[in-house]
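Below, each chain spelled out in residue letters.
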Amino acid sequence: MQINREHINRIFITLGDIMVENKNYLTELDAAIGDGDLGLTMSKGFSELASIVTNIHEEDLGKLLFKLGSNLANTVPSTMGTLMASGLMKAGKALKGNNSFNDEEMAAFFDNFVIGVMERGKGKPGDKTVIDSLYPASESLKESVLEGKDLRLSINEAYKASVDGLESTINMASTHGKAAVFQEKSVGKQDPGATVGKLFIEGFYKVIANL
Amino acid sequence: MKRILNKPENYADETLKGIYKAHSDMVTYVNDDLRCYVKKDIKPGRVGIATGGGSGHLPVFLGYVGEGMIDGCSVGGVFQSPSANQMFEVTKAINAGAGVLYIYGNYTGDIMNFDMAAEMADMESDIRVESVVGADDVASAKKGEEHKRRGVAGIFYMFKIAGAAADEMMDLDNVKRVAEKVGANVRTMGVALSPCIIPEIGKANFTVEDGMMELGMGIHGEPGIDKGPLKTANEIVEIMLDNILGDNPLKAGDEVSVLVNSLGGTPKEELYIMYNKVEETLTNLGIKVVKTYLGEFATSMEMVGASLTILKLDEETKRLLLKPAHTPFFSQK
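Computed from a predicted structure; not experimentally measured.

Description of the overall build of chain A
- Check the secondary structure of chain A and you find 9 helices and 0 strands.
- Going from N to C terminus, chain A has its helices and strands arranged as α-α-α-α-α-α-α-α-α.
- For 211 residues, the compact-globule formula gives about 17 Å, and the C-alpha radius of gyration of chain A, at 16 Å, lands near that figure.
- For chain A, the spread of C-alpha atoms along the principal axes amounts to about 45 × 35 × 30 Å.
- Counting over 211 residues, chain A shows a buried share of 56%.

Comments concerning the packing of helix H3 (residues 38-52) of chain A against helix H9 (residues 192-208) of chain A
All names here are of chain A.
- Contact geometry for H3 and H9: axes closest at 11 Å, N-to-C directions at 25°. Taken together, H3 and H9 sit at an angle that is classed as roughly parallel. Our pair here, H3 against H9, has a crossing hand that is right-handed. The segment H3 lies against H9, with Leu-38, Met-42 and Phe-46 engaging Pro-192, Gly-193, Val-196 and Phe-200.
- Class assignment of the residues belonging to the contact of H3 with H9 gives a composition of 6 nonpolar, 1 polar and no charged.

What about the interface of chain B and chain A?
- Taken together, the contact between chain B and chain A spans 16 residues of the former and 16 residues of the latter.
- In this assembly, chain B packs against chain A so that about 1400 Å² is buried in total across both faces, 57% of it on carbon and sulfur atoms.
- Viewed at the interface, chain A and chain B are joined by 2 salt bridges.
- Lys-122 of chain A serves as the salt-bridge partner of Asp-115 of chain B, at 2.9 Å between the closest nitrogen and oxygen.
- The tally of links between chain B and chain A comes to 4 residue pairs in polar contact (both at pLDDT 80 or more).
- Looking at the side of chain B that touches chain A element by element, the count peaks at 8 residues for helix H3 (residues 108-125) of chain B.

Notes on the pattern of salt bridges
Residues and elements named next belong to chain B.
- Counted according to the given criterion, the structure contains 41 salt bridges over all chains.
- Among the ionic pairs, Asp-167 bridges to Arg-46, the shortest N-O distance being 2.6 Å. Of the two residues, Asp-167 is situated in helix H4 (residues 155-167) and Arg-46 in the loop between strand E2 (36-39) and strand E3 (48-55); the sequence distance between them amounts to 121 residues.
- When its relative accessible area of 31% is taken as the criterion, Asp-167 is described as partly exposed.
- Within the structure, one salt-bridge network assembled from shared partners comprises Arg-128, Glu-130, Asp-173, Lys-176 and Glu-180.

Structural notes on the nonpolar core
- In this structure, Phe-12, Leu-88, Phe-109, Phe-200 and Phe-204 of chain A are the most contacted members of the largest nonpolar core, which totals 78 residues.
- Setting aside chain neighbours within four positions, we find Phe-200 of chain A in contact with Leu-15, Met-19, Phe-46, Met-84, Leu-88, Phe-109, Phe-110, Phe-113 and Leu-134 of chain A.
- With 49 residues, the next largest nonpolar core counts Leu-16, Leu-62, Ala-179 and Leu-311 of chain B among its residues.

A word on the domain arrangement of chain B
All names here are of chain B.
- Domain assignment breaks chain B into domain 1 (8-184) and domain 2 (186-321).
- Taken together, the contacts link 37 residues of domain 1 with 39 residues of domain 2.
- Remark: the boundary between domain 1 and domain 2 carries 5 salt bridges.
- Arg-319 is the partner of Glu-168 in a salt bridge, and the nearest nitrogen-oxygen pair spans 2.3 Å.

What counts as what
Residues numbered from 1 in each chain as written. Chains lettered and ligands numbered in written order. Predicted model: local features only at pLDDT ≥ 70, side-chain atom pairs only at ≥ 80, totals over all residues. Heavy atoms only, no water. Helix = DSSP H or I, 4+ residues; strand = E, 2+ residues; numbered from the N terminus. Rg over C-alpha atoms; globule rule 2.2 N^0.38 Å. Buried < 20%, exposed > 50% of the residue type's maximum accessible area, 1.4 Å probe, protein only. Axes fitted to C-alpha atoms, helices over the stretch in contact; angles between N-to-C directions. Parallel < 35°, antiparallel > 145°, perpendicular 65-115°, else oblique. Left-handed = near helix turned anticlockwise from the far one by under 90°. Contact = heavy atoms within 4.5 Å. Nonpolar A, V, L, I, M, F, W, Y, C, P; charged D, E, K, R; others polar. Buried area = accessible area lost by both parts, 1.4 Å probe. Salt bridge = Lys/Arg side-chain N within 4 Å of Asp/Glu carboxyl O. Polar contact = N/O pair within 3.5 Å; in protein donor to acceptor, adjacent residues only side chain to side chain. Core = buried A, V, L, I, M, F, W, Y, C linked by side-chain atoms within 4.5 Å. Domains from an automatic or database assignment.

So, in structure tokens, the structure goes:
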């Protein structure tokens, strides 16, 4: 399957809708163990990308993703904004020169996205962060693509992996960022950052699974 | 609470506009962006020093841009990081051919954005950038986990001393070395008596009840180490000194500089009451106070409370500390 420019446009428009729909939910989760601005920054950042994506004149999908990333970094320089921006920029750089993505390149997109987030945030799986929903999804997708499964099925499984990953954050203690001051108090609460990660995967899933 | 405002959402930008008008001889902005604050006269060949961080802490961070101190500052919304692009614009504007040193507080959002800005400076403009983070708050993480500590008022000493080093035309590696030395020898501890309110939010998102105090509370309301009934000034100073000297021991004959800082709502009288006890205790221990600073250096808007910072000096840092400096918020002959 080939993911083209039109699909990427739809994915980012869908992501804008998802983040706006979940604005209050993210704010509530974040207020419990963070500073409560996550719903605001994610809805602001991703609806900005949704509004500009169709107007960016760029055939190279790698460059397009890099541009979307740097736009996100400028629109919402909060912790999560910068992390998601770093993922997009890293993935964009890695996939430069492609006007469409095949299955392997989609797997490479998520792989590089997660690496970008981990490098920027100096985090790893198990720290109760956005990585805990992104990493399992990326690993699942990589495996499915290696097995030669249809991308629609692969993205479905990756989405499920992100849902499970998100659930696993409930029993973890925060060690990063503002949430770290709550450490043990954060146990029992779903991580707001990992929720964003799951919603991000959801945007891709909703578009690709229905192609 | 009562505030003199126009629109809460304009808090940071209208503050900046006022500063540019009041101090147009010394500072300006670049890239048509009020949030990219730079010194007017950039000395050729001197290492540039940039900082940045959220609004709501004046004079931190931009207040130390000026003669003998730092060259530029990117400014975020209240308690929010500026963007990597704003940091990059400041970097380009202050680079005078000798590279740029970033000195900023140890907060996740700021670290990620400054790292990204340093990559942009390297990739797009071939500017060499080095970074040092301020992490002086002893109450924010225990000994052995210094890298997790928050940056508070002690960053003033990094700006002052690294700035003087850059003025002596030291190269980037040496200015960084001096800044790191200050970081390794400076300790701060604070106490909060009342919270602060972010104008756009309009209500406090943490509390310090009437008659209570919170030792070690962060300048954004991060939880401290001990919440209890308000103690006397002397008792508070004793606890602060115990924590600071317990973390970075001093011996008779050592020379230090002391900074007693108001978090915004505590008047100078009370800072002097604190200093009276600080000086007495240090003198009894045979420690010499070479230079004292007292007033508002790193605040949280209207928060009532104070912090005590002690910097252990050596010959080099002492010489650089005593050099003149002049900015819109700080002057020393």
